Structures are given as structure tokens and as C-alpha cells.
Amino acid sequence: MSNKNIQVTLANRPTGWVKESDFKIVETDIPKPGPGQVLVKNLYLSLDPYMRGRMNAGPSYAANVEIGSVMVGGTVGEVMESNNPKFKPGDTVSGYFGWQQYGVSAGNELQKVDPKIVPLPAFLGAVGMPGLTAWWGLLDIGAPKAGETVVVSAAAGAVGSIVGQIAKIKGCRAVGIAGGKAKCDLVVKEFGFDACVDYKGGNLAKDLRAAAPKGIDIYFENVGGQILEAIALQLNPFARIPLCGLISQYNEVKPHGLDNLVMLLINRVKLQGFIVSDFAAHSGKAVEELAGWVREGKIKYRETIANGIENAPRAFLGLLKGENIGKQLVKLF
Ligand SMILES: NC(=O)c1ccc[n+]([C@@H]2O[C@H](COP(=O)([O-])OP(=O)(O)OC[C@H]3O[C@@H](n4cnc5c(N)ncnc54)[C@H](OP(=O)(O)O)[C@@H]3O)[C@@H](O)[C@H]2O)c1
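Residues numbered from 1 in each chain as written. Predicted model: local features only at pLDDT ≥ 70, side-chain atom pairs only at ≥ 80, totals over all residues. Heavy atoms only, no water.

(A) Summary view of the environment of Asn-83. By the secondary structure assignment, Asn-83 is in the loop between strand 4 (75-82) and strand 5 (92-95). The exposure class assigned to Asn-83 is partly exposed, which follows from its relative accessible area of 41%. In this structure, the C-alpha to C-alpha distance between Asn-83 and Pro-49, residues 34 residues apart in sequence, is 34 Å. Not counting residues up to four positions away in its chain, the partners in contact with Asn-83 are Pro-33, Gly-34, Pro-35, Gly-36 and Gln-37. Polar side-chain contacts of Asn-83 include one of 3.1 Å to the backbone oxygen of Pro-33. In terms of polar contacts, Asn-83 uses its side chain to reach the backbone carbonyl oxygen of Gly-34, at 3.0 Å. (Helix = DSSP H or I, 4+ residues; strand = E, 2+ residues; numbered from the N terminus. Buried < 20%, exposed > 50% of the residue type's maximum accessible area, 1.4 Å probe, protein only. Contact = heavy atoms within 4.5 Å. Polar contact = N/O pair within 3.5 Å; in protein donor to acceptor, adjacent residues only side chain to side chain.)

This is the structure:
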């Protein structure tokens, strides 16, 4: 094995749209595990929209990345050396080593993952953080009942594609919103949603009404902006909105507000923001159920995989612009 560890660090805090020059590719030595530590070779890196927020200076629910520090991120990989009795070389683990090829850890935040249950990269997607986000957001906050209509935005993506499939498992009508005909076709034909609205098609309100003729009982919010405003006009009384993400706003210097907030009042709508880590202590049952559904073929997933750590910045920009289908990953070796 080469003795170099290639990392991607934060070079600048972007204003507005992130650029590749906001990142720096750095080469360091592979770290040595100290007493009680393990050395992990990261095989896949997860790229996620929340990373855009970590590049900012302002306050958030988690610490920002400092200029010159390695970008944060979830990883799956293989233990190479271990001074920790809980791990041995060859174990496969998920961790949070960030945008780099190798990392050392005391092991506390590492989880052993078994690639015989689902393929290793799926622990970063359908059976990992995005799958858990869909599971908790829809089932705990959305509380779907059979026969209700569930609408989810960014429906061809990592979280959205799972939300609609869980909605179908629970007996709901699942309607996706995605950018472009190709993504909408995939959402219906492969992920099994009942309908999908192309928000770039120019008829969002009309197309939504046709796709959700009985109104919307749950809107799983991933994007915000004008899509949320269009949804607000078609919510049923006592609708629920799990507020998961606002990706349309992450690169905006002046974020879009919600002009028709009054519709939430009139319809007694419950809107709740959530962060998946709030549920971390109870994740076991969700992981088990998601893995079971994947193995039974009840949940299908897609991945968009960039090759090589040097291509992580480019792939991250692509994710924010909607170039990914399903979970965006980087294969590191
Ligand atoms: N609360 C939590 O704990 C938590 C955890 C995970 C993720 N999230 C949030 O969940 C959302 C989805 O995350 P993900 O990892 O599953 O990403 P993803 O959906 O796989 O990828 C992002 C997608 O967002 C869509 N998008 C980008 N700009 C948009 C815009 N202006 N309007 C509408 N859609 C736009 C693009 O799809 P199109 O081509 O369809 O536009 C893109 O493919 C994000 O907002 C993320 O921050 C929250």
C-alpha cells in the first residue's frame, strides 16, 4: 500500500454557489494508530447536501469545518490496523472520517457493517443516514395512514426515493417531485411511486393537482422555495410537513421566504424540522427494517458514483445542481 493519504480540505468559505476552488487537494502521510486506535482505509465517501452548510461561518446544529481542515463526511471502509480489542484487521466499518482516504479513530463512532446483509455502499445510502432520515421523518413526524397522499420533493435522490417507497409500503399514494422527465420516469417505473411531477416542466401547480387529486396529507420537504409555496395551496386539513431539508436555498445569499404561510394556519398544518441524528439512539430498529425491505426487494435504490477522492469536489457541485440519481458517493480506491 502507498504511504500517502489524499485529503480534501476547505480552502475558502463560499458566498453563494460553491466552486471547485473552494476546496484543496492535499497529500499527507497515512496516520499511525495510537494506543486503543484503529486505522481505517475508507473505500466509499458519502456526499451530502448538509456539507454545504458546514462550509459557512454562521451558526448551525453542528460545528463548521475550519478553513484548512478536512471536509466532514460519512465513510465506509476496512480496518487495516487495530490497537482496539473491539476491531480487527479486515472488519468493515462505517465511520465519519471525512473527505480522505485513511483515518484513525478510537472506535467510539465506528459501527461494524456486514456486506453480506447489503452491499457496503448501501450503508451510506438506503440503509445508512439517508434511509434513516426517510424512515424517521416519514414514520415518526409524518405518521402516515393507509390511503393518505404523501408528496416528497427531490424524489429521485437518496432520501426522497426511500420516502416514497416507504409511503407505498404503508399503503399511501406516493407522489414525487423531481427535475426533468428522465428522473420522473425513474421515480415511477423503478421506485414504484404512483406519480411524479417535473418541477422544471412549467406547470407545477396544475401537475401537482393532477398527481394528488385528493389533496396532500403529508409533504416531505427536501427543497423549500417555490415548491413549498405551491404545495401550501394544496394541503389538506391537518396535513403534516416533516421539514427535512431546503436544498434550493443552500447556495442562496438571500433565502426565499414562505409568502403563503397563512395556508398552514387555515389548514392546521403541523410542520416540524428534524435532524436525523436526533434519533441516533433508536436507529437499530430502523436499520433492521430498511435492510429487510432492501433484501426483500420492497425498497430499490440507485447510486451515482464518482471515482477517486480528487473528483469529490466536482461530484459535490453536481449533487447540489441535481446531476445525481439516488445516493451520491465517491469510490476512493
Ligand atoms: N434533516 C436531516 O437530518 C437530513 C438528512 C439527510 C438529508 N437531508 C436533506 O434532505 C434533502 C435531500 O438530501 P439527499 O441527500 O437525499 O440529496 P439528493 O436528493 O440525493 O440530492 C439533492 C437533489 O436535490 C435536488 N435539487 C437541487 N436543487 C434543487 C432546487 N433548486 N429545487 C428543487 N430540487 C433541487 C436535485 O434533484 P432534482 O434534479 O430533482 O432537482 C438533487 O439531485 C436535502 O435538503 C438535505 O439537506 C436532511
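(B) Broad picture of the nonpolar core. Ranked by internal contacts, the top residues of the largest apolar core, which has 47 residues, are Trp-135, Leu-138, Val-163, Ile-166 and Leu-290. Going through the elements one at a time, helix 2 (129-142), strand 8 (149-153), helix 3 (158-169), strand 9 (173-178), helix 4 (181-189), strand 11 (216-220) and helix 8 (283-295) are the ones with two or more residues in this core. Counting residues per element, this core draws most heavily on helix 2, which supplies seven residues. If sequence neighbours within four positions are ignored, Val-163 has contacts with Ala-134, Leu-138, Val-150, Val-152 and Phe-220. (Core = buried A, V, L, I, M, F, W, Y, C linked by side-chain atoms within 4.5 Å.)

(C) How the structure looks around unusual backbone geometry. The backbone of Ala-143 sits at a positive phi, close to 45 degrees, despite the residue not being glycine. For Ala-143, the position within the fold is in the loop between helix 2 and strand 8. Under the relative-accessibility criterion, Ala-143 is labelled partly exposed at 37%.

(D) Highlighting the packing of aromatic side chains. Scanning the model with the defined rule gives eight aromatic pairs in all. Pairing Trp-99 with Phe-316 gives two aromatic rings, centres 5.7 Å apart and planes at 70 degrees, and the pair type is edge-to-face. You can see Trp-99 sitting in the loop between strand 5 and strand 6 (102-105) and its partner Phe-316 sitting in helix 9 (residues 312-321), a full 217 residues away along the chain. The interplanar angle of 70 degrees and the centroid separation of 5.6 Å between the aromatic rings of Tyr-102 and Phe-333 together place this pair among those described as edge-to-face. On the criterion of sequence distance, the pair formed by Tyr-102 in strand 6 and Phe-333 in the segment after strand 15 (327-331) is long-range, its members being 231 residues apart. One aromatic cluster is present, formed by Trp-135, Trp-136, Phe-220, Phe-274 and Phe-279 through successive ring pairs. The positively charged end of Lys-41 is found above the aromatic ring belonging to Phe-333, 4.5 Å away from the centroid. One cation-aromatic arrangement involves Lys-112 over Phe-87; the distance from NZ or CZ to the ring centre is 5.6 Å. (Phe/Tyr/Trp six-rings, centres within 6.5 Å; stacked < 30°, edge-to-face > 60°. Lys NZ or Arg CZ within 6 Å of the ring centre and 35° of its normal.)

(E) Spotlight on the sheet that holds strand 13 (residues 270-273). The six strands lie next to each other as 10-9-8-11-12-13, forming an open sheet whose pairing is parallel. The strands lining the two open edges of the sheet, one partner per strand, are strand 10 (195-198) and strand 13. Here the strands of the sheet are splayed against their neighbours by 15 degrees on average, with no regard to which way each runs. Both strand 12 (residues 235-243) and strand 13 contribute to a ladder of four bridges, which runs parallel. Bridge assignment links Pro-242 to a residue of strand 13, and that residue is Gln-272. Each of strand 8, strand 9 and strand 11 touches helix 3; the most contacted strand, strand 8, lies at about 170 degrees to it. (Pairing = 2+ DSSP bridges. Axes fitted to C-alpha atoms, helices over the stretch in contact; angles between N-to-C directions.)

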